[in-house]
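Remarks on the overall topology
Single-letter residue listing:
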Amino acid sequence: MQQIAKILSAANSFSKAGRPISRPAIGAMFNRSKTIRGSSMKKKIIALACTPRSLAWGLSVAAAIAAPAAFAQTAETKPAAKPEAGKLETIVVTAERREENIKDVPVSISTLSGEKLDIINSGGQDIRMLAARVPSLNIESSFGRAFPRFYIRGYGNTDFDLNASQPVSLVYDDVVQENPILKGFPVFDIAQIEVLRGPQGTLFGRNTPAGVVKFDSVKPSQQQDAYVSATYADHNAQNIEGAFNLPINKEWAARISILSQTRDDFVKNTYAAGKTRTLEGYDDKAARAQLLYAPDNKFSALLNVHMRQLDGSARLFRANIIKKGTSDLVAGFDPERTSIDGINSQTLDNYGGSVRLKWDLGGTTLHSITGYEKVKSFSRGDIDGGFGAVFLPSSGPGLIPFDAESADGMPKHKQITQEFRLESNSKGPTKWLLGLYYFKEDLKIDSFNYSSIGGNTQNGFARQDQENKAYALFGSVNHKLSDKFTVRAGLRYTNDKKDFTADRLQAPPFSPTFIGRLTTNTSASNVSGDLSGTYQMTPDTNVYARLARGFRAPSIQGRLLFGDSLSIADSETVTSFEAGIKSDLWNKRARVGFNVFSFDVKDLQLTAVGGTANFNRLINADKAQGQGFEMDLEAYITDNLLATVGASYNNTKIKDGNLSIAPCGSGCTVLDGPGRLPGTVSINGNVLPQAPKQVFNMTLKYTRQMTSSSEFFIYGDVAHRGKISFFLYDAKEYTGKALTETGMRVGYNWDYGKYELAGFVRNMENQIRVVGGIDFNNLTGFINEPRTFGLQFKAKF
């Protein structure tokens, strides 16, 4: 290990100094090493180490290979234990904070893990790749890789401000990631993702009225192993991911996980005077280090530190790409061309850590989870998506009424969380859990306006400061009334306070001239809960029903850059009911889960974005309703052919006859009737924004054994979501067409699965859709990722 460290230090010194480092130079360093033996191993490390743009990270991943290899030079290759052919392995989840068979959990839940997760992640996409990969889940962003917005059963929030509150909670390694910037942390070295639908507040520390997306990293263990995955794809996209697990002694173990995702700019700016010449590239790096201390079965401590650095393009807005009167792209649209006069850039730095302690106290177990997160971000874009303006000598593409270029930055952010959880561990018919949760977040948001036609100079500036403190008491009881019937009840008390200050320091042109400070605060408390029952029809089949109530605290919006007032959305509550069946079929050759659901949200928090006033404000709707069904199916059709199918139908509707908002200011075709005030439209009866009625996904994998230690495989996948509305009002141009993305992977693995080489294609049919829009200037839109071809090599040690 000392020899490896010296090599890494020397190579990194070359990289940081900007001096190229050659294969012979790296090779010489390894040849002098007496620790790392084996020419094939050295060749693999050297190849990764010399990857352009990723040298330092490539070397780190190389260390992930070399470290275990150095300790296990004489280990013989042994076939890994494989499940019985044609039989599904049991899915174990922690949805109720205990390890349980997914069949026994009375919640609509889907999981992603292993090969399926690895394949959809192979193209280098960010967390939005999970959209439509499980029933009722949609993820979108107007920021790009930095700010994902999650929707479960159509229930979410389109607010694009950096203090936005979302009803879908993201939990990463048992720590809530509240700020939307934190929710974009990359997916790598993950044991499992669980998507829990419906309110989950009695089990998780932060309120979750729509549901939870839960990520669990692979934890350190006493098993010495490592892996590396290297991908090369279109536009010089390079994905390098690796991890190594190192047992230090019988009490200590460590695991280091690393990810590097890079892609060159491939969209050309055809406007000759444009400041940003090429776009859509990124350099996204992340790492995680974990240290486990487990001296006995009575106590364990798991330390986690992680980081992320992103430098690349912000979301690329494109002027007048939507054909008027339709939701189609204009004729001749080229996804690799744009014409903008503004500056496009995005940076992000995220650092965090957690300490998870566990004590076995005999009949009970005490958990302590302490989390800390800190993030800085800056994103700047040409919002009008074009160049010039109609009152200037030249402008385009199409009609540009006025220029719009702005940026949002978060120079200060800190989140501290603490959770204590006491749970029973006895074998009796009753199991219980009690929890105490504390949350504190401090953040500062800077908003800038620029004049693209004035040399991209700043002509507007506003600042927001928010402090959010919350605490909660929660608990649940599971009781087995008989061998076949189990009931569960949970209760939660929440108290949430926010203090908010907004300063308008420089007023942009054509906006209110107000200069000064506005302040406000909110305080709210709530009691919510859930009740469920599970009945075992047969040893392989359970039916369940669940009634749950969730809560979201008031939200504050103070985007004073283009306005002179604050807006507050009052607390919202949701009542959800679902009933379903979960079953293992045909001697575990198949597994199915099916449920129906309905929910009512009272005082739903909504975001009225853009419109003719170009102002973002929060409002409450009297009510919103949703109902539908969800299904997950997994089956071995033959011993060599595995299929999975996921499907959902969600019908959402806003119900408020008095609620009206300003529609688009870009000449779009509005479909709603007039509102109560002049210049507004009624949104009563509209579907929720970004809420597709249909979601469908499917995978099919065929394997063929070539030798006793190798196999050939073909893997296909499909993800479909129905049409969506971008905004609260309905307009032909701002209705996103249905999107279907298909993928294919063909490969070969050998040495009992230790090595794998595969070619893949993502968005195979190159289906390009407008997935979001800007509605105050022109028919501006942004699109999904284009088709990507790539090659991937994986190795396990």
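Residues numbered from 1 in each chain as written. Predicted model: local features only at pLDDT ≥ 70, side-chain atom pairs only at ≥ 80, totals over all residues. Heavy atoms only, no water.

Of the regular secondary structure elements, the chain holds 5 helices and 44 strands. A buried classification covers 58% of the 797 residues belonging to the chain. About 30,900 Å² of surface is accessible on the chain, with carbon and sulfur atoms providing 57% of the total. (Helix = DSSP H or I, 4+ residues; strand = E, 2+ residues; numbered from the N terminus. Buried < 20%, exposed > 50% of the residue type's maximum accessible area, 1.4 Å probe, protein only. Areas by Shrake-Rupley, 256 points an atom, 1.4 Å probe, with all protein chains shown as cover.)

Right, let's talk about the state of the cysteines for a bit. One pass over the full model with this rule turns up 1 disulfide. Disulfide pairing is shown between C664 and C668; the S-S distance is 1.6 Å. Taking the torsion about the S-S bond as the criterion, the C664 to C668 disulfide, at about -75°, is left-handed. The same class applies to C664 and to C668, which are both buried. (Disulfide = S-S within 2.5 Å.)

If you walk across this open sheet you meet the 3 strands as 14-13-17, and the pairing is mixed. Of all the strands in the sheet, just strand 14 (278-279) and strand 17 (337-338) have a single pairing partner and so form its edges. Pairing of strand 13 (residues 267-269) with strand 17, which is carried by 2 bridges, proceeds in the parallel orientation. Of the residues in strand 17, the one forming a bridge with K268 is R337. (Pairing = 2+ DSSP bridges.)

Taken together, the 5 strands give an open sheet; going across it, the order is 3-8-9-6-7, and neighbouring strands pair in mixed fashion. Whereas interior strands pair on both sides, the edge strands pair on one side only; in this sheet they are strand 3 (108-112) and strand 7 (175-176). Of the pairings in the sheet, the one linking strand 8 (residues 190-197) to strand 9 (residues 211-217) comprises 7 bridges and is antiparallel in character. From the neighbouring strand, Q192 faces strand 9, where its bridge partner is D216.

If a probe the size of a water molecule is rolled over the atoms, the empty space left behind becomes visible. The final tally for this structure, using the stated rule, is 16 cavities of 30 Å³ or more. Taken as a whole, the largest cavity encloses approximately 720 Å³ of empty space. Residue lining of the largest cavity: 43 residues in total, with Q125, R128, E741, N784 and E785 positioned closest to the centre. Counting only elements with at least two residues in the lining of the largest cavity, the list comes to strand 4 (137-140), strand 37 (710-721) and strand 40 (739-750). The space that makes up the second largest cavity amounts to roughly 260 Å³. Along the walls of the second largest cavity sit 28 residues, with S165, E178, R206, N468 and D496 positioned nearest its centre. At the level of secondary structure, the elements contributing two or more residues to the lining of the second largest cavity comprise strand 6 (168-172), strand 23 (430-451), strand 24 (457-480), strand 25 (485-506) and strand 27 (541-552). Residue composition of the lining of the second largest cavity, by class: 11 nonpolar, 10 polar and 7 charged. (1 Å grid on protein atoms, 1.4 Å probe; cavity = no way out; pocket = protein on both sides within 12 Å on 5 of 7 lines; lining within 4 Å. Points joined across faces, edges and corners; volume = space filled by probe spheres on them. Nonpolar A, V, L, I, M, F, W, Y, C, P; charged D, E, K, R; others polar.)

Mean pLDDT over the chain: 89, with 88% of residues reaching 70 or higher. Note on residues 1-26: pLDDT is under 50 here. Beyond four places in sequence and across chains, it has 38 contacts. Segment residues 29-77 is flagged for pLDDT under 50; beyond a separation of four residues in sequence, or across chains, it makes 105 contacts in the model. (pLDDT = per-residue confidence, 0-100. Contact = heavy atoms within 4.5 Å.)

On to the nonpolar core, then. Formed by 60 residues in total, the largest nonpolar core has its most connected members in L130, F215, Y729 and Y734. At the level of secondary structure, the elements contributing two or more residues to this core comprise helix 5 (114-120), strand 4, strand 5 (149-152), strand 6, strand 8, strand 9, strand 31 (590-608) and strand 32 (617-638). Those residues in contact with L130, other than ones at most four positions away along the chain, are L112, L117, I120, L137, I139, I193 and F215. (Core = buried A, V, L, I, M, F, W, Y, C linked by side-chain atoms within 4.5 Å.)

Let us look at a positive patch on the surface. Judged by side-chain charge, R549, K602, K623, K653, K655, K693 and K723 come together as a positively charged surface patch. Examined against the element boundaries, K693 turns out to sit in the loop between strand 35 (681-682) and strand 36 (694-707). With a relative accessible area of 33%, K693 lands in the partly exposed category. (Patch = residues over 30% accessible without salt bridge, like charges linked within 9 Å, V, L, I, M, F, W, Y side chains within 5 Å. Salt bridge = Lys/Arg side-chain N within 4 Å of Asp/Glu carboxyl O. Lys, Arg positive; Asp, Glu negative; His and termini not counted. Charge placed at Lys NZ, Arg CZ, Asp CG, Glu CD.)

In this section: the pairing of strand 24. As judged from the 22 bridges shared by strand 23 and strand 24, these two strands associate in the antiparallel manner. Each residue of the ladder has a partner; that of Y438, found in strand 24, is Y471. Looking at chain direction, strand 24 and strand 25 are connected through 20 bridges and run antiparallel. Each bridged residue has a counterpart across the sheet, and for A470 the counterpart in strand 25 is D496.

This paragraph deals with a nonpolar patch on the surface. Taken together, the side chains of L481, F485, Y535, M537, I581, F594, V596 and F629 define a hydrophobic patch exposed on the protein surface, amounting to about 670 Å² of accessible area. Elements with a contribution of two residues or more to the nonpolar patch: strand 26 (516-538) and strand 31. Position of F485 relative to the elements: it lies in strand 25. Taking the relative accessible area as the measure of exposure, F485 reaches 31% and is therefore partly exposed.

What the rule picks out here adds up to 26 aromatic pairs. Summarising the aromatic geometry, the rings of F402 and F776 are spaced 5.9 Å apart at their centres and angled 25° between planes, so their arrangement reads as stacked. Separated by 374 residues along the polypeptide, F402 in the loop between strand 21 (395-396) and strand 22 (405-424) and F776 in the loop between strand 42 (770-774) and strand 43 (780-783) bring together distant segments of the chain. The class for F402 is partly exposed, based on a relative accessible area of 31%. Taking 6.4 Å as the distance between ring centres and 10° as the angle between the ring planes, the aromatic pair formed by F597 and F599 counts as stacked. The burial state of F597 is the same as that of F599; both residues are buried. Three or more aromatic residues link up through ring pairs in this structure, and these residues are Y748, W750, Y755, F793 and F797. Of note, R153 hangs over the ring of F597, and the distance from its end group to the ring centre comes to 4.1 Å. (Phe/Tyr/Trp six-rings, centres within 6.5 Å; stacked < 30°, edge-to-face > 60°. Lys NZ or Arg CZ within 6 Å of the ring centre and 35° of its normal.)

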